[in-house]
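# Residue-level structure breakdown
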Amino acid sequence: MSTLLRSLFLYSCAVLVLAGCSAIPDKPPRSIRYDFGPGPTTAAPAAAQPLLEPLVLTEVETSSAWDGSPLLYRLGYADGNQLRPYAEARWSAPPPQLIRQRLRELLSRQRPVLDSGESSALARADGKMPRVLRLHLEEFSHWFETPGESWGLLRLRATLTENTPAGERLLAQRSVAVRQQAPTPDAPGGVRALAAATDVAAEEIAQWLQQQP
């Protein structure tokens, strides 16, 4: 009888140990980092026309909602006014930085693109200040029309100015709004849609700049 009791006791201890091990929480999953991808993998063909005049591209301004790295979405069918972060998906850098980088890649095929600090050196060289492009990011989210249908939404305000002896002068301004369908209703699909929307917006801004006298 004592042997049976001893066996039951050991069995009970083993069950308690296993239950305790199963109660230990797993490590929280690491967030997946996303960017817009490498961009074009082949060099752009040589332009038949000379490069356009240099342009200063400032940092993209935005509200605090897009100043961090969370990948944000909206449930349009439930409450489109609420921004929600994906739990396990983040941008590799804040969206304003990623947007500026992609726009600079595109504009650099047409003209020299400078940072704000580089424009003063150029002005001292030829006495002429380059024009300044300012961007304000107003919307950058994965919008769900329904649980199975979603879009990447991007809205920017572009402002072109020039520096004169009397101060900065407004030359032109326009808003750019792009909606690109997401291939899948999840974080990777939202990333691809927002990256595609950024490319479309960059092309629109590049064409708009070429139309300015």
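Throughout what follows, the structure given in this document is the object of discussion. Worth saying up front: this structure is predicted, and the values here are computed from it rather than measured.

Cut-offs used in this document
- Residues numbered from 1 in each chain as written.
- Predicted model: local features only at pLDDT ≥ 70, side-chain atom pairs only at ≥ 80, totals over all residues.
- Heavy atoms only, no water.
- Helix = DSSP H or I, 4+ residues; strand = E, 2+ residues; numbered from the N terminus.
- Buried < 20%, exposed > 50% of the residue type's maximum accessible area, 1.4 Å probe, protein only.
- Contact = heavy atoms within 4.5 Å.
- Areas by Shrake-Rupley, 256 points an atom, 1.4 Å probe, with all protein chains shown as cover.
- Phe/Tyr/Trp six-rings, centres within 6.5 Å; stacked < 30°, edge-to-face > 60°.
- Polar contact = N/O pair within 3.5 Å; in protein donor to acceptor, adjacent residues only side chain to side chain.
- Axes fitted to C-alpha atoms, helices over the stretch in contact; angles between N-to-C directions.
- Parallel < 35°, antiparallel > 145°, perpendicular 65-115°, else oblique.
- Left-handed = near helix turned anticlockwise from the far one by under 90°.
- Core = buried A, V, L, I, M, F, W, Y, C linked by side-chain atoms within 4.5 Å.

This brings us to the overall build of the protein chain. Helices and strands together make up the secondary structure of the protein chain, namely four helices and nine strands. Secondary structure elements in the protein chain, listed N-terminal to C-terminal, are α-β-β-β-β-β-α-β-α-β-β-β-α. Burial analysis of the protein chain (213 residues in total) assigns 35% to the buried set. Sequence separation of 24 or more characterises 67% of the internal contacts of the protein chain that already satisfy a separation of 6 or more. When the accessible surface of the protein chain is summed, it comes to about 12800 Å², and 55% of that surface belongs to carbon and sulfur atoms.

Here the structure, examined in full by the defined rule, presents five aromatic pairs. An angle of 55° between the planes, with centres 6.2 Å apart, marks the rings of Phe-36 and Phe-140 as tilted. In this pair, Phe-36 sits in the loop between β1 (32-34) and β2 (55-57) while Phe-140 sits in strand β7 (residues 131-146), placing the two residues 104 residues apart along the sequence. The same class applies to Phe-36 and to Phe-140, which are both buried. A connected cluster of aromatic rings, assembled from ring pairs, spans Phe-36, Trp-91 and Phe-140.

This next bit is on the side chain of Arg-102. Looking at the secondary structure, you find Arg-102 in helix α2 (residues 95-107). Relative accessible area serves as the criterion here: at 9%, Arg-102 is assigned to the buried category. A distance of 3.0 Å separates the side chain of Arg-102 from the backbone oxygen of Phe-36, its partner in a polar contact. Not counting residues within four places of it along the chain, the set of residues in contact with Arg-102 comprises Phe-36, Gly-37, Pro-38, Gly-39, Thr-198 and Asp-199.

Okay, the packing of α2 against helix α4 (residues 187-211) next. The interhelical angle for the contact between α2 and α4, taken along N-to-C directions, is 50°, at an axis separation of 9 Å. Judged by the inter-axis angle, α2 sits oblique to α4. In this structure, α2 meets α4 at a crossing whose hand is right-handed. Contacts from Ile-99, Arg-102, Leu-103, Leu-106 and Leu-107 of α2 reach α4 at Thr-198, Asp-199, Ala-202, Glu-203, Ile-205, Ala-206 and Leu-209.

Attention now goes to the nonpolar core. Of all hydrophobic cores here, the largest spans 43 residues; its most connected members are Trp-91, Leu-133, Phe-140 and Ile-205. The set of elements that each furnish at least two residues to this core consists of β2, β4 (70-75), β5 (79-91), α2, β7, β8 (149-164), β9 (167-181) and α4. Counting residues per element, this core draws most heavily on α4, which supplies eleven residues. When near neighbours in sequence (up to four residues on either side) are disregarded, Ile-205 contacts Leu-103, Leu-133, Leu-135, Leu-156 and Val-176.

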